[in-house]
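Survey of secondary and tertiary structure
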Amino acid sequence: MIEKKINLDPDSLIDFYGNDSKNIDRIKSLFPKLKLIFRGDEIKVSGEKTEVDEFNSFIKNLKLRLEQYNQLNIKEIELIFQDKIKPAVKSKNIIIYGNNGKPISPRSENQKKFVTLYDEKDLIFATGPAGTGKTYLAVALAVKALKNNEIKRIILSRPAVEAGENLGFLPGDLKDKLDPYLQALYDALLDILPGNKLSKLMEQGIIQIAPLAYMRGRTLSDAVVVLDEAQNTSIPQLKMFLTRMGENSKFIVTGDMTQIDLPKKTHSGLVKVYKILKGIKDIGFVDFKKEDIVRHPLVAPIVEAFEKDN
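Structure report, in brief. Because the structure is a prediction, the values reported are computed rather than measured.

Attention shifts here to unusual backbone geometry. The backbone of N70 sits at a positive phi, close to 60°, despite the residue not being glycine. Secondary-structure assignment places N70 in the loop between α3 (49-69) and α4 (74-81). Residue classification places N70 among the buried residues on the basis of a relative accessible area of 3%. You will see that N149, though not glycine, has its phi angle at about 60°, which is positive. One can find N149 in the loop between α6 (134-147) and β7 (153-158). A relative accessible area of 57% means that N149 is categorised as exposed.

Printed below as a string of structure tokens:
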């Protein structure tokens, strides 16, 4: 007889246990000869060595399946036990698995450069046309860091600047007025995290989505902080944002210098600050091109047509 302790991911316990711990009840029924004690994020298992080893391998596969698909149900538990399905072996190119097991990985050379720079630098500027995956990759890298316990929170921000529409005429309170400006960040998160898990993380303040103005006066530590649509910041705004950096933080600034929605007499902070900081070796810079566009095939020729018209 041997005894072994197996640790579970504390952030995935609800999904691992299932509603009313039904997943645990089924797991116990599959291993009737073992003594199993599930307590929080730890499993104590005792029994014959062969069966304990088999159980350990089984739990490892369940954890991989949960990591890949962000959910775990009784049918999947039974199929893994019967060796009819196996979690995919994670490729080194995959950043993280999104909802329904969708692998998220860099799809162009500049996207690969972006991911590499993220590992090497604490501040990255990623500029280029729409559809090149700047924001999406930044959010994926942030969620990965959170899952790996490298940081304590994710902070996503955008300047609340009208793109041909007037904020004041939108219905609702301040949150209702601001949400449309932040929707792209919600969309990226919802593609990577289940809605219920995202809601819980936001309620706990672990994931925060806020307009740029809400960054003033804060020191942002132990976090990945993403500023999206930075071409619509003023020079003082972008300076304010960059000086929020605290210990163990990574800042990612994304934007498209061809889509500036600021008033005519206001200079884009991104255009100016990009030039000022370009020579600092500890800052990463990625210039995405139309060749990096990963949206609908029509997006690239549309971008090209507008470039030729300017």
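The structure having been displayed, the exposition proceeds.
Let's shift gears to the sheet that holds strand β8 (residues 207-211). The strands making up a sheet associate through backbone hydrogen bonding, with each pair oriented either parallel or antiparallel. Read from one edge to the other, the open sheet built from six strands follows the order β8-β7-β9-β10-β6-β11, with strand pairing classed as parallel. The two strands at the open ends of the sheet, each matched to only one other strand, are β8 and β11 (283-287). Mean inter-strand twist for the sheet, computed between neighbouring axes without regard to direction, equals 15°. Relative to β11, strand β6 (residues 123-127) is paired through five bridges, and the arrangement is parallel. Within β11, the residue paired with A126 across the bridge is V286.

Take a nonpolar patch on the surface next. Where nonpolar side chains cluster on the molecular surface, the patch consists of L298, I302 and F306 and spans about 340 Å² of accessible area. With respect to the helices and strands, I302 occurs in helix α11 (residues 299-309). You can call I302 partly exposed: its relative accessible area is 46%.

What follows covers the pairing of strand β2 (residues 35-39). Every second residue of β2 is oriented toward a common face, the buried set being L36 and F38 and the non-buried set K35, I37 and R39. Pairing analysis gives five bridges linking β2 to strand β3 (residues 42-47), with the strands arranged antiparallel. Directly across from I37, in β3, lies its bridge partner K44. Between β2 and β3, which follow one another and run antiparallel, lie two residues, and G40 among them has a positive phi close to 60°.

Now for the nonpolar core. Soluble globular proteins tend to pack their nonpolar side chains together in the buried interior. F114 and L189 are the most contacted members of the largest nonpolar core, which totals 37 residues. Within the residue set of this core, elements represented by two or more residues are α5 (109-120), β6, α6, β7, α7 (174-192), α8 (195-203), β8 and β9 (223-227). The leading source of residues in this core is α6, at nine residues.

Inspection of every chain in the model, using the stated rule, returns eleven salt bridges. Across the salt bridge formed by E76 and R65, the nearest N and O atoms sit 3.3 Å from each other. Of this pair, E76 sits in helix α4 while R65 sits in helix α3, and the two are eleven residues apart along the sequence. Each member of the pair, E76 as well as R65, is classed as buried. Close ionic contact of D122 with K250 constitutes a salt bridge, the shortest N to O distance being 3.6 Å. With D122 in the loop between α5 and β6 and K250 in strand β10 (residues 249-255), the pair connects residues that are 128 residues apart, well separated along the chain. For D122, a relative accessible area of 44% translates into the label partly exposed. Because the salt bridges share partners, they merge into one network encompassing R158, D228 and E229.

Reading across from one edge, β1-β3-β2 is the order of the three strands in this open sheet, with antiparallel pairing throughout. Sheet topology places β1 (2-7) and β2 at the edges, where each strand pairs with a single neighbour. Strand-to-strand twist in this sheet, taken as the mean axis angle between neighbours without regard to direction, amounts to 15°. By the bridge criterion, six bridges tie β1 to β3 in an arrangement that is antiparallel. In the sheet register, K4 faces β3, and the bridge partner there is V45. On the sheet, α3 packs against β1, β2 and β3 and is oriented at approximately 5° with respect to β1.

Let's shift gears to the packing of helix α2 (residues 22-30) against α4. To describe two helices that pack against each other, one gives the angle between their axes and the distance between the axes. Where α2 meets α4, the closest approach of the two axes is 10 Å, and the angle between their N-to-C directions is 25°. As far as their axial angle goes, α4 and α2 are roughly parallel. α2 and α4 meet at a crossing whose hand is right-handed. Every residue of α4 that contacts α2 at K22, N23, R26, I27 and L30 is listed here: I74, I77, E78 and F81. Looking at the contact of α2 with α4 residue by residue, the class counts come to five nonpolar, one polar and three charged.

Moving on to the packing of aromatic side chains. Here the structure, examined in full by the defined rule, presents eleven aromatic pairs. When the centroid spacing of 5.0 Å and the interplanar angle of 90° are considered together, the rings of F31 and F55 count as edge-to-face. Pair noted here: F31 is in the loop between α2 and β2 and F55 is in helix α3, with a separation of 24 residues, a long-range link. As far as burial versus exposure is concerned, F31 and F55 are alike and both buried.

Procedures and definitions
- Residue numbering note: each chain is counted from 1, following its sequence as written.
- Local features in this predicted model are restricted to residues of pLDDT 70 or higher, and side-chain atom pairs are both shown and tallied only at a pLDDT of 80 or more, whereas totals for entire chains, interfaces and linings draw on every residue.
- With hydrogens and water excluded, all non-hydrogen atoms of the structure serve as input to the side-chain values.
- A run of H or I in DSSP becomes a helix once it reaches four residues, and a run of E becomes a strand once it reaches two; helices and strands are each numbered from the N terminus.
- Under the scheme applied here, a residue whose accessible area is under 20% of the maximum for its type counts as buried, over 50% as exposed, and between as partly exposed, the area being computed with a 1.4 Å probe on protein chains only.
- At least two DSSP bridges between two strands are required for those strands to pair.
- Think of each axis as a best-fit line through the C-alpha atoms, taken over the contacting stretch in the case of a helix, with angles from 0 to 180 degrees between the N-to-C directions.
- For patches, a residue must show more than 30% relative accessible area and have no salt bridge; joins then use 9 Å for like charges and 5 Å for nonpolar side chains, namely Val, Leu, Ile, Met, Phe, Trp and Tyr.
- Computed by Shrake-Rupley with a 1.4 Å probe, the accessible areas treat only the displayed protein chains as cover when residues are assessed.
- By salt bridge we mean one thing: a side-chain nitrogen of Lys or Arg within 4 Å of a carboxyl oxygen of Asp or Glu.
- The criterion is simple. A nonpolar core is a set of buried Ala, Val, Leu, Ile, Met, Phe, Trp, Tyr and Cys residues joined through side-chain atoms within 4.5 Å.
- Note on contacts: a residue pair is in contact if any heavy atoms of the two residues lie within 4.5 Å.
- The scheme is simple: roughly parallel for angles under 35 degrees, roughly antiparallel for over 145, roughly perpendicular for 65 to 115, oblique for anything else.
- Handedness of a helix crossing follows the sense of rotation of the near helix relative to the far helix, less than a right angle counterclockwise being left-handed and clockwise being right-handed.
- In the scheme used here, Gly and all other residues not listed as nonpolar or charged are polar, with Ala, Val, Leu, Ile, Met, Phe, Trp, Tyr, Cys and Pro taken as nonpolar and Asp, Glu, Lys and Arg as charged.
- Stacked, edge-to-face and tilted are the three classes for Phe, Tyr and Trp ring pairs, Trp counted by its six-membered ring, which pair at centre distances within 6.5 Å; planes under 30 degrees apart are stacked, over 60 edge-to-face, the rest tilted.

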